[in-house]
Amino acid sequence: QETTGKKAGISKIAKGFALCVAYASSIGGIATLTGTPPNLVLKDSVDKLYKANKEDPPISFANWMGFAVPLSFLVLLLAWVLLQVLFLSCTCCRKVDASRKKAIREAIQSQYNALGRISFAEVIVSILFVLLVVLWLSREPPESDGWGALFLDKKKITYVSDSTAAILIISLMFFLPAKVPNIFCWRNNSKPKFTPIMTWKTANEKVPWGIIVLLGGGFAIADASRISKLSDWVGAQLHVFKDYDPWIMNLIFCCIVAMATEVTSNTATANLLMPIMLELTSDLIYTSP
C-alpha cells in the first residue's frame, strides 16, 4: 500500500511538472516581443496602422517589456500557487526533513558537476546573447533616441529594426571561433585551425525547420484568408458585437480565439484575427462619444 501511494504521488507530481512546462512557455512567451510569433503579428499590424496614419510605431522591444514583464511575473505567481494547491497540496510550506534536503542538494550538485567547466564557445555565446538584448533594448528606448536614430533618412524613416540586430549576431556566430585560436602557435609545421561557433552544417541539422515551416504556413493561411475575402466575412460577422461593453467583447473574442487555436496554429489565428480586431477596435474608438 505504501508503494502504491508513492507511485500515485510521483504520477501526480509528474503531471504537475508537465503542466509547468506548458504554462511556463505561455507565460514566458508574453514577456518579450520575440517570445512568441503572435506578438510579432500584433507589432506588424500596429506598425502598419500607425504608418498609414504617419505616426511613429508605438511598439518596440523596450516598451513591450515595460508592460509585459510585470504581467508575466503576476501570471507566473498565480500559476505557481495553482499548481502547488492542485498537485503538491501546499507541501512547499512544510518543513523538509534533513535527509530529504540533503538528497535534493546532492542530486542538484551532481547534475551541476556533470555540466563541467564553461567552455570558450559558451562564453562567446553568452556575450553575444547579452549584446543582442542590449541592442534590442537600446534601438528605440522610450522617450529617447537609440542607435536606430543613426539610420534615419530625410523622411525620418529608419532602415533598421530588431531583426537587424538579430542578423548581426547570427552573422558573428559564423565568424567567431569556438575554441581559443592558436594563430601564433606554429607547431610541427602545421597550419593553425579555425572552427567557427556556427557552421552551415550545424544550422542545417539543428535549426528546427519544421517550426519555421509551421509559422510560414500560418502566414500563408492568413494571406489566403485575405485574398479569398474570408477575413472580410469574419470581420462583418464580428461587427455585431460592437455595441457590447468592452469587457464582454474581450471575453467573446478570447473564446473565439481559444476555439480557433484548437484546429490551427497560433500564428495563423493571430494573422487572421488580429487585423480584423484592430480594425473593429479602431472603429469603436473613432465612433465613441
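Residues numbered from 1 in each chain as written. Predicted model: local features only at pLDDT ≥ 70, side-chain atom pairs only at ≥ 80, totals over all residues. Heavy atoms only, no water.

Peer 1: Got a minute to help me understand the overall build of the protein in this structure?
Peer 2: If you tally the helices and strands in the protein, you get 11 helices and 0 strands. What you see in the protein, going N to C, is helices and strands ordered as α-α-α-α-α-α-α-α-α-α-α. Going through the 289 residues of the protein one by one, you find that 22% of them count as buried. Nonlocal contacts in the protein, meaning residues at least 24 apart in sequence, comprise 62% of its contacts between residues at least 6 apart. Accessible area for the protein stands at about 21,300 Å²; split by element, carbon and sulfur atoms hold 67% of it. (Helix = DSSP H or I, 4+ residues; strand = E, 2+ residues; numbered from the N terminus. Buried < 20%, exposed > 50% of the residue type's maximum accessible area, 1.4 Å probe, protein only. Contact = heavy atoms within 4.5 Å. Areas by Shrake-Rupley, 256 points an atom, 1.4 Å probe, with all protein chains shown as cover.)

Peer 1: Even after reading the chapter, I still don't get the UniProt feature "transmembrane region" (unreviewed entry) in the protein, so can you show me in this structure?
Peer 2: Look at the UniProt record and you will see "transmembrane region" (unreviewed entry) annotated at residues 16–35, 67–93, 114–137, 165–186, 207–227 and 247–268. Helix makes up 70% of residues 16–35 and strand 0%, with an end-to-end C-alpha separation of 23 Å. With 83% helix and 0% strand, residues 114–137 has end C-alpha atoms that lie 34 Å from one another. (UniProt positions renumbered as here; feature names shortened; annotations may be inferred.)

Peer 1: What exactly am I supposed to notice about helix α9 (residues 230–238) here?
Peer 2: It helps to recall that an α-helix has 3.6 residues per turn; residues three or four apart then point in one direction. Of the positions making up α9, those classed as buried are Ser 231, Val 234, Gly 235 and Leu 238. Angular distribution of buried residues about the axis of α9 spans 100 degrees; they occupy a single face of the element. (Arc of directions from axis to C-beta.)

Peer 1: Would you explain a nonpolar patch on the surface in this entry?
Peer 2: Together, Tyr 23, Leu 77, Trp 80, Val 81, Leu 82, Val 85 and Leu 86 line one region of the surface with nonpolar side chains, adding up to about 650 Å² of accessible area. In terms of residue count, the dominant contributor to the nonpolar patch is helix α3 (residues 61–88) (6 residues). Within the secondary structure layout, Tyr 23 lies in helix α1 (residues 2–29). (Patch = residues over 30% accessible without salt bridge, like charges linked within 9 Å, V, L, I, M, F, W, Y side chains within 5 Å. Salt bridge = Lys/Arg side-chain N within 4 Å of Asp/Glu carboxyl O.)

Peer 1: Would you explain the side chain of Arg 139 in this entry?
Peer 2: In this structure, Arg 139 sits in helix α5 (residues 120–139). When its relative accessible area of 8% is taken as the criterion, Arg 139 is described as buried.

Peer 1: Is there a simple way to explain the packing of α5 against helix α6 (residues 162–173) in this structure?
Peer 2: When two helices pack together, you describe them by how their axes are tilted relative to each other and by the distance separating the axes. Remark: α5 packs on α6, axes separated minimally by 9 Å, with the N-to-C direction vectors making an angle of 160 degrees. The angle between α5 and α6 falls in the class roughly antiparallel. α6 is crossed by α5, and the crossing has right-handed handedness. Along the contact surface, α5 presents Leu 128, Leu 131, Leu 132, Leu 135, Trp 136 and Arg 139, while α6 presents Asp 162, Ala 165, Ala 166, Leu 168, Ile 169, Leu 172 and Met 173. Residues belonging to the contact of α5 with α6 are distributed by class as follows: 11 nonpolar, no polar and 2 charged. (Axes fitted to C-alpha atoms, helices over the stretch in contact; angles between N-to-C directions. Parallel < 35°, antiparallel > 145°, perpendicular 65-115°, else oblique. Left-handed = near helix turned anticlockwise from the far one by under 90°. Nonpolar A, V, L, I, M, F, W, Y, C, P; charged D, E, K, R; others polar.)

Peer 1: I would appreciate a short explanation of the confidence of the model for the protein in the present structure.
Peer 2: Low pLDDT means the predicted atomic positions in that stretch should not be read closely. Model confidence for the protein is summarised by a mean pLDDT of 78, while 81% of its residues fall at 70 or above. The secondary-structure element of the protein with the lowest mean pLDDT is helix α11 (residues 266–287), recorded at 69, while α5 shows the highest, at 90. (pLDDT = per-residue confidence, 0-100.)

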